[in-house]
Amino acid sequence: MFDGASHTTPCLPERLVARDARVYFTCVAAVGSSWIGAIWPDGTYSRVAGGGSDTNDGAMAENLRLGNPTEIDVDREGNLIVFDEQARYVWRIQPNGVSERVFGNGGFGFATEGAPARGAPAGDIRAIALQDDGALIIQDAQSQRLRRIGPDGRVRTIAGGGTEDIALASAA
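Residues numbered from 1 in each chain as written. Predicted model: local features only at pLDDT ≥ 70, side-chain atom pairs only at ≥ 80, totals over all residues. Heavy atoms only, no water.

## Regarding the overall build of the protein chain
Stage number 1. Across its full length, the protein chain holds one helix and twelve strands.
Stage number 2. Starting at the N terminus and walking to the C terminus, you meet the elements of the protein chain as β-β-β-β-β-β-β-β-β-β-β-β-α.
Stage number 3. Of all 172 residues assigned to the protein chain, the portion counted as buried reaches 42%.
Stage number 4. In the protein chain, 33% of the contacts between residues at least 6 apart in sequence involve partners at least 24 apart.
Stage number 5. For the protein chain, the computed accessible surface area is about 8,200 Å², with 49% contributed by carbon and sulfur atoms. (Helix = DSSP H or I, 4+ residues; strand = E, 2+ residues; numbered from the N terminus. Buried < 20%, exposed > 50% of the residue type's maximum accessible area, 1.4 Å probe, protein only. Contact = heavy atoms within 4.5 Å. Areas by Shrake-Rupley, 256 points an atom, 1.4 Å probe, with all protein chains shown as cover.)

Below is the structure:
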């Protein structure tokens with residue numbers, strides 16, 4: 001259980017992602033007071049995002065309100081990607097601590113093909129992954145699709161059709 005000087009809310013780490021000798025983890029202490037931590041190469045850890053009350057683009061990560069961060073990933077530039085299930089947003093947290101909403105409008109639903117990701121509702125996101133070109137892949141269990149948010153900021157289906165298992169749709 002983490003409850004060190006860098007954050008006072010105890011929690012049990014849930015999701016983990018590692019890059020370049022750093023390990024990032026989600027800490028869901030209570031809905032609305034969750035945070036993201038990092039374990040550094042020297043063995044110390046700290047809160048890098050969440051625990052605050054700000055939900056605006058451009059907020060510093062430590063002031064960001066994270067209700068229930070269920071998925072995380074990190075790219076090779078050190079940008080942390082976080083899906084907050086409660087807020088229905090995917091955030092990009094830059095290495096300098098500035099946060100930016102990259103997907104979601106706060107609503108639950110299906111994002112129309114080709115729609116701008118920032119204005120689209122988020123479905124039942126179960127997994128996220130980053131591609132080398134910066135694109136974000138989202139597994140949406142509600143629509144039974146894998147969705148891609150490309151560098152152009154638009155949502156597109158890359159697998160699945162909404163009526164059958166993604167593996168079956170891809171094999172057809």
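## Observations concerning the environment of glutamine 94
Stage number 1. Its place among the elements puts glutamine 94 in the loop between β7 (89-93) and β8 (99-103).
Stage number 2. Glutamine 94 gets classed as partly exposed once you look at its relative accessible area, which sits at 26%.
Stage number 3. A sequence separation of 34 residues divides glutamine 94 from methionine 60, and the C-alpha atoms of the two residues are 9.4 Å apart.
Stage number 4. With residues up to four places along the chain from it excluded, the contact list for glutamine 94 reads Asn79 and Glu100.

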